[in-house]
Amino acid sequence: MSQEEAGPSVFGFGGVVRAATVVILLANLLALAIGVAPNLSTRLVQLGEGFWPGYGNELRNDPIEPDCDAAELERRSASCVSAAPAPSGDPFGGKDPFGGPAPAPTDPFAGKDPFAAPAPAPAPAPAPAPTDPFAGKDPFAAPAPAPAPAPNDPFAGADPFAPAPAPTVSCDALRNLHQQCVEQHRVYDETLARITPSVRRYRAVEGLVADVAHFGFWKHTLVLVVLLGAASASSARMHVALRTPESRAEHVAAEVSQILTHVLWMSSCLADWQVQRLSTAEVEDPALPPMFAAGFLVLAAMHVVHLLHPRPGLDGKPSLTRILMCIPLYAWMTLVSGVWFLGVEHHWSGQAIYLHKFIAYPNIYLGIGLYVWAGMLLSETRLAQLAFDVITPWRVAPNLLGWLVAVVSAVPTAYSGASGIFVIATGKTVYGRLVDAGANRRMALGATAMSGSLGVVLRPCLVVVLIAVLNSQVTTDGLFSNGLLVFGLTSTLYLLASLFASGQSEPRPPDTSTEPASRRSLAAVTQLVPFLLIAVAVVLAYRVIFAIHVNEHTAQLVLPVGMLLLVAWDRLLRPGLATRTLATPLSHASRETSHHAGALLMVMAGSVGFGGVVERSEVMSLVPQDLGSPFLAMSLLVFVMVLVGMLMDALGAVILVSVTLAPLAYDNGIQPVHFWMMTLVAFELGYLTPPVGLNFLLARQVIGPESYVERYPAEGFFRTWEHLIVPVSVMATSLVIVAFVPFFFY
């Protein structure tokens, strides 16, 4: 629920909202461009190969000119003379000129006298004196110089009859070098001739796309999006809180808590920056702490201005409970983290460290911005209204209509990345159309909150992708295949609960239309056909042009483009339009994106720090590593996961659970896929359970004062709390089944 109704920005902060809107819009467009740049670069290279064979290997860059001199090598080859065989230097050919004739072959003694006395043995050389180990030589004497040639020697001591030295260069090798050099110059000249002006223009474009594909500032972009989105949400006072301030005391509590939050974050980032400056180690992304610190300083100043200039109408009666509930969720998380890091650990840079962990996966959180943008663009089309127009002519019972809406919404919920995003995008339409169909306000609010809960286990939900990224024990295929079973379970249970609540509807207005229901439904289907064709065309275009298939890794790149084209058709090209404009819906969607993305990202940033406190406090060390059996371990984990879902957003909770609780589950014999299916259902139960109930908060944020169903009287306990009882009972029953029934199949 917003702290104040979204409307004109307060106290002259309209410029902040406009700047944040423009920058976040540009960041989203940049993320789209960078996301498809690698695939587009590959396609452009392939296209270049089609136009100019060899483009990829030869024409993408200027060839390097050979450093050899062909003319010089040719001159040396022409003057090179092969050396004659070197003479042996023995004029007698190895024969003894003084030797006698060879002995006759018949002489058995080979010319020797068999009766001659043996020749005396040669006398041994005299041994050196034993007292002189160097045999009379000076071991320290310098080597004797070579004798100088006689002054009258015309040959300077050289042998005039010595053979000429052999040449040091082989003429054959020299000729081969010349041929290779000529060939290299030929290839170089031909390649240069092929690089025509058209090739240069083409490769300039292709090179630009390749450079974009290597964009290295994702983290910096995410920091800008978070800070500017937070500024936009603060300007419109749209941060997520349990209650809206209705008194001066509640207003002061909300603003002071946010001032303290940003001061704590700023101080931690400055401390982190100081640590990095004094460190001798190489620092990665040193500009991020100063960026964060400057942004938090601006945010703190904005809330000081809000504190001094409250909005009019704050004349309600305060209470301690309401004062605490008016503090935004991200402020609660950050204040708890600050108390821990400063009061317990005395670690000033602790919160900044977890901000670094928050931006460690920039593509994930920038994807949140893209999904929110796609959702806001969806709200600018007639898609949701036309979908209702297909169903409502048949006068479906309101409770069954609410169930059908939740089931149909599961697919866009999965594609929007998280349950809250779809609620933000379509919550107002869903709630209004259900009330118009005869649903009471409580039933309509419960169905609106449930519309974002059933699809989180379906492909291509971003939360499941993050689970697979952080846990090598599971894959997206395994999670999504089991997610289909969970979806079937939850949707069936919700149908049964809706049938049970059938008597709780309001009387429906009579159908005054004279046109048959089938014709009215068919007319709505006909109007939906162009939307379907555009969606199919976008999917095919991405596949053909970029070789990108729509899946859990690429949906964030495809959805916004598809929604932009749907808005263009619905507001600019559709036949019969009285006013044709694209600027108004695009501006409104981008502004709402800056508000809601900023609020969500601040909750996520706060939850990462809060998760760090849980991790560093070693609360989980109090839990025995061996809980006795998988059943007992699951019982404890179910309780803990619901609490985590009540306090943290899904992405931050997945990061925390992956580090702390997942290994405990695996060590106690719980299969990884089973554990994560239970975790996802527990998270969704937490998002529907008071006192937080994030899905209800987001639904009320977009619906407005009409969603305060507590203000409308109701009879009986069930009717009073129907909006909570039905969703919570459905998800709680699903959780028990998902958590414990699979043990019978181990």
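Before reading further, recall that the structure is shown in the block above.
Residues numbered from 1 in each chain as written. Predicted model: local features only at pLDDT ≥ 70, side-chain atom pairs only at ≥ 80, totals over all residues. Heavy atoms only, no water.

A. Representation of the overall build of the protein. When helices and strands are tallied, the protein shows 28 helices and 0 strands. In the protein, buried positions account for 46% of the 746 residues. Counted over contacts in the protein with a minimum sequence separation of 6, partners at least 24 positions apart contribute 85%. When the accessible surface of the protein is summed, it comes to about 37,000 Å², and 66% of that surface belongs to carbon and sulfur atoms. (Helix = DSSP H or I, 4+ residues; strand = E, 2+ residues; numbered from the N terminus. Buried < 20%, exposed > 50% of the residue type's maximum accessible area, 1.4 Å probe, protein only. Contact = heavy atoms within 4.5 Å. Areas by Shrake-Rupley, 256 points an atom, 1.4 Å probe, with all protein chains shown as cover.)

B. Structural view of the state of the cysteines. Evaluated as defined, the whole model comprises 2 disulfides. Disulfide connectivity for the protein, with bonded cysteines indexed by sequence position, reads 1-4, 2-3. (Disulfide = S-S within 2.5 Å.)

C. Inspection of helix α18 (residues 462–470) at higher detail. Buried residues dominate α18, accounting for 7 of its 9 residues. For α18, every residue scored as buried is listed here: Leu462, Val463, Val464, Val465, Leu466, Ile467 and Ala468.

D. Seen up close, the nonpolar core. One finds Phe296, Phe358, Tyr365, Leu434, Phe675, Trp676 and Met678 to be the most contacted residues of the largest nonpolar core, which totals 166 residues. Excluding residues that lie within four positions of it along the chain, Tyr365 makes contacts with Leu222, Phe358, Leu601, Met604, Val608, Leu651, Gly652 and Ile655. (Core = buried A, V, L, I, M, F, W, Y, C linked by side-chain atoms within 4.5 Å.)

E. Summary view of the packing of aromatic side chains. This structure, assessed with the given rule, holds 18 aromatic pairs. Centre to centre, the rings of Phe500 and Phe718 are 5.7 Å apart; their planes meet at 85 degrees, and the pair counts as edge-to-face. Residue Phe500 is found in helix α19 (residues 476–500), and its partner Phe718 is found in helix α27 (residues 717–720); the two are separated by 218 residues along the sequence. The exposure class assigned to Phe718 is partly exposed, which follows from its relative accessible area of 21%. Look at Phe631 and Phe740: their rings are 4.9 Å apart centre to centre, the planes differ by 45 degrees, and that puts the pair in the tilted class. A residue pair is termed long-range when its members are at least 10 positions apart, and Phe631 in helix α23 (residues 630–647) and Phe740 in helix α28 (residues 722–740) qualify at 109 residues. Through a chain of ring-to-ring contacts, three or more aromatic side chains come together here, namely Phe51, Trp52, Tyr55 and Tyr202. Its guanidinium or amino end placed over the ring of Trp273, Arg277 lies 5.5 Å from that ring's centre, counting from NZ or CZ. Over the ring of Tyr712 we find Arg441; its NZ or CZ atom is 4.6 Å from the centre of that ring. (Phe/Tyr/Trp six-rings, centres within 6.5 Å; stacked < 30°, edge-to-face > 60°. Lys NZ or Arg CZ within 6 Å of the ring centre and 35° of its normal.)

F. Quick peek at the environment of His674. The residue His674 is located in helix α25 (residues 672–688) in this model. Judged by its relative accessible area of 7%, His674 falls in the buried class. As for His674 and Val738, which are separated by 64 residues in sequence, their C-alpha atoms are 7.8 Å apart.

G. Structural context of a nonpolar patch on the surface. Together, Leu320, Leu324, Trp332 and Val336 make up an exposed nonpolar region whose accessible area comes to about 360 Å². Here Leu320 lies in helix α9 (residues 320–325). Under the relative-accessibility criterion, Leu320 is labelled exposed at 63%. (Patch = residues over 30% accessible without salt bridge, like charges linked within 9 Å, V, L, I, M, F, W, Y side chains within 5 Å. Salt bridge = Lys/Arg side-chain N within 4 Å of Asp/Glu carboxyl O.)

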